[in-house]
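The residues making up each chain are set out below.
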Amino acid sequence: MSTTTARDLTSPASAKASQARPRRGLRGNATLNFWLFTGPFLIGLVIFVFVPIGWSLWLSFFDARFTVTPSNFIGFDNYRTVLTDPNFTGSLVTFTVFAAFIVPTTWALSLGLALLVHRLTFMRAFFRSVFFLPTACSYVAASLIWKMSIFNGVRFGLANTVLGWFGVDQVAWLANPSPPWYWLVIVTLRLWLQAGFYMILFLAALQNIPSELYEAAAIDGARPGWQTFRYITLPQLRATSTAVILLLLVAAYQAFDEFFNLMGKATWGQPPLVILYKTAIGVNQDYGQGSAGAVVLTLLICIVTLFQGKIMGFGRGEESK
């Protein structure tokens, strides 16, 4: 009896001692585990992102034609050349207008798709997958399909075949800048590729809206439809809408693949990245001037993004909104 009592009294103390004993090895070293998991990603981020950005900034102050290790320092001459180039400055203005159109259009389409899929009571997963599937398609592959099958400019193309049913003559979609039908080709391609991704973001935000808000609104007499969307749904999507708009703005100024593959050697409607690509990688191989243009474009994206975030209240707390 005494043996059992002593064993019972000492067992809690030994259990506490074993719990207080620090773990050894990898499981007990949180700092080591952190660096083991994040170290490879940080190394890749430094090598493939930070180092090229710093190298590009350094090249922009040198005469770096046909070399990436220049020695002739020229200061801000590359920036003066880029900012006085009518092709580059005109491209910035054109794509500012393009961003002002494509951003709200993609936002509205993705939000509309999210609302439709969210209201479905059957086959919701199927339609969600169908609308999201184009996101997995390559921009290059989609551009070639749009160029060679849908808007190829001959009467056998899908777009001209549909127009022919209504007695409309065939249209050279990508051959001439006047009228600028090529914008229709690019915009439809962008909407098809991007709307599904942002639809998923809006769907996640819609699922996080408490149902009690709609119930309280119904009790107060709010009619389902436009009133609940305007006064409940849309305000609850403020943070997601801000993030989507910022992502769309950055993506609009970084457009490259579809324009490069659709327009080819055409000189009209080229985005800034295509011009910088031809300057730095093309015949000129002027890495200094191309780097200066990249820095200017990066600063423009940052300014537009910060301005848009300031308007939308990005980063402010709920109490300050």
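For the structure itself, consult the block above.
Residues numbered from 1 in each chain as written. Predicted model: local features only at pLDDT ≥ 70, side-chain atom pairs only at ≥ 80, totals over all residues. Heavy atoms only, no water.

Caption draft 1: Structural view of the overall build of the chain. Helices and strands together make up the secondary structure of the chain, namely 14 helices and zero strands. Listed N to C, the secondary structure of the chain is α-α-α-α-α-α-α-α-α-α-α-α-α-α in terms of helices and strands. Across the chain, every contact between residues at least 6 apart in sequence was considered, and the portion connecting residues at least 24 apart equals 65%. When the accessible surface of the chain is summed, it comes to about 20000 Å², and 68% of that surface belongs to carbon and sulfur atoms. (Helix = DSSP H or I, 4+ residues; strand = E, 2+ residues; numbered from the N terminus. Contact = heavy atoms within 4.5 Å. Areas by Shrake-Rupley, 256 points an atom, 1.4 Å probe, with all protein chains shown as cover.)

Caption draft 2: The arrangement of the pattern of salt bridges in detail. In total, this model carries three salt bridges according to the counting rule given. A salt bridge links Asp 286 to Arg 65; the shortest N-O distance between them is 3.4 Å. Note that Asp 286 is positioned in the loop between α13 (272-280) and α14 (287-312) and Arg 65 in the loop between α2 (30-59) and α3 (77-83), a separation of 221 residues in sequence. Accessibility expressed as a relative area gives 42% for Arg 65, which makes it partly exposed. For Glu 258, the salt bridge is made with Arg 190, and the minimal N-O distance between the two is 2.5 Å. Here Glu 258, found in helix α12 (residues 257-263), pairs with Arg 190, found in helix α8 (residues 182-207); they are 68 residues apart in sequence, far enough to count as distant. By relative accessible area, which is 1% here, Glu 258 ends up buried. Residue class for Arg 190 comes out buried when judged on its relative accessible area of 4%. (Salt bridge = Lys/Arg side-chain N within 4 Å of Asp/Glu carboxyl O. Buried < 20%, exposed > 50% of the residue type's maximum accessible area, 1.4 Å probe, protein only.)

Caption draft 3: View of the packing of aromatic side chains. Enumeration according to the criterion identifies 25 aromatic pairs in this entry. On the numbers, 5.3 Å between centres and 85° between planes, the contact of Phe 61 with Phe 76 is edge-to-face. Linking Phe 61 in the loop between α2 and α3 with Phe 76 in the loop between α2 and α3, this pair joins segments that are 15 residues apart in sequence. Judged by its relative accessible area of 21%, Phe 61 is partly exposed. (Phe/Tyr/Trp six-rings, centres within 6.5 Å; stacked < 30°, edge-to-face > 60°.)

Caption draft 4: Molecular detail of α8. Taking 1.5 Å as the rise per residue, α8 with 26 residues should run 38 Å; its terminal C-alpha atoms sit 38 Å apart, in good agreement. Most pronounced at Gln 194, the bend in α8 amounts to some 35°. (Expected span 1.5 Å × (residues − 1). Bend = angle between axes of the 7 residues up to and from the residue.)

Caption draft 5: Main features of the environment of Ala 251. Tracing the sequence through the fold places Ala 251 in helix α11 (residues 238-253). Dropping the residues within four chain positions of it, Ala 251 is found in contact with Arg 190 and Gln 194.

Caption draft 6: Seen up close, the nonpolar core. Among the nonpolar cores identified, the biggest contains 59 residues, and Phe 98 and Phe 259 are the most heavily contacted of them. Of all the elements in the fold, those that place two or more residues in this core are α3, α4 (86-119), α6 (139-150), α8, α11, α12, α13 and α14. For this core, the element with the highest residue contribution is α8, accounting for 15 residues. Not counting residues up to four positions away in its chain, the partners in contact with Phe 98 are Trp 183, Ile 186, Val 187, Arg 190, Ala 252 and Phe 259. (Core = buried A, V, L, I, M, F, W, Y, C linked by side-chain atoms within 4.5 Å.)

Caption draft 7: Up close: the side chain of Thr 233. Turning to its location among the elements, Thr 233 is positioned in helix α10 (residues 226-236). Ignoring any residue separated from it by four or fewer positions in sequence, one finds Thr 233 in contact with Leu 115, Leu 206, Ile 209, Tyr 214 and Thr 228.

Caption draft 8: Up close: unusual backbone geometry. The omega angle of the peptide bond from Ser 178 to Pro 179 is -5°, so this bond is cis rather than trans. In this structure, Pro 179 sits in the loop between α7 (158-165) and α8. The backbone of Met 123 shows a phi angle near 55°, a positive value even though the residue is not glycine. Tracing the sequence through the fold places Met 123 in the loop between α4 and α5 (124-132). Owing to a relative accessible area of 46%, Met 123 belongs among the partly exposed residues under this scheme.

Caption draft 9: Region of interest: the packing of α4 against α11. Here α4 crosses α11 at 140°, and the two axes come no closer than 9 Å. Crossing angle aside, the handedness with which α4 passes α11 is right-handed. Listed contacts from α11 to Phe 95, Thr 96, Phe 98, Ala 99, Ile 102, Val 103, Thr 106 and Trp 107 of α4 are Ser 241, Val 244, Ile 245, Leu 248, Leu 249, Ala 252 and Tyr 253. (Axes fitted to C-alpha atoms, helices over the stretch in contact; angles between N-to-C directions. Left-handed = near helix turned anticlockwise from the far one by under 90°.)

Caption draft 10: Representation of the packing of α4 against α10. At their nearest, the axes of α4 and α10 sit 14 Å apart, and the two run at 100° to each other. On the basis of the axis angle, α4 is roughly perpendicular to α10. Residues Trp 107, Leu 111 and Leu 115 of α4 touch α10, and the partners they reach there are Phe 229, Thr 233 and Leu 234. Residue classes in the contact of α4 with α10 are distributed as five nonpolar, one polar and no charged. (Parallel < 35°, antiparallel > 145°, perpendicular 65-115°, else oblique. Nonpolar A, V, L, I, M, F, W, Y, C, P; charged D, E, K, R; others polar.)

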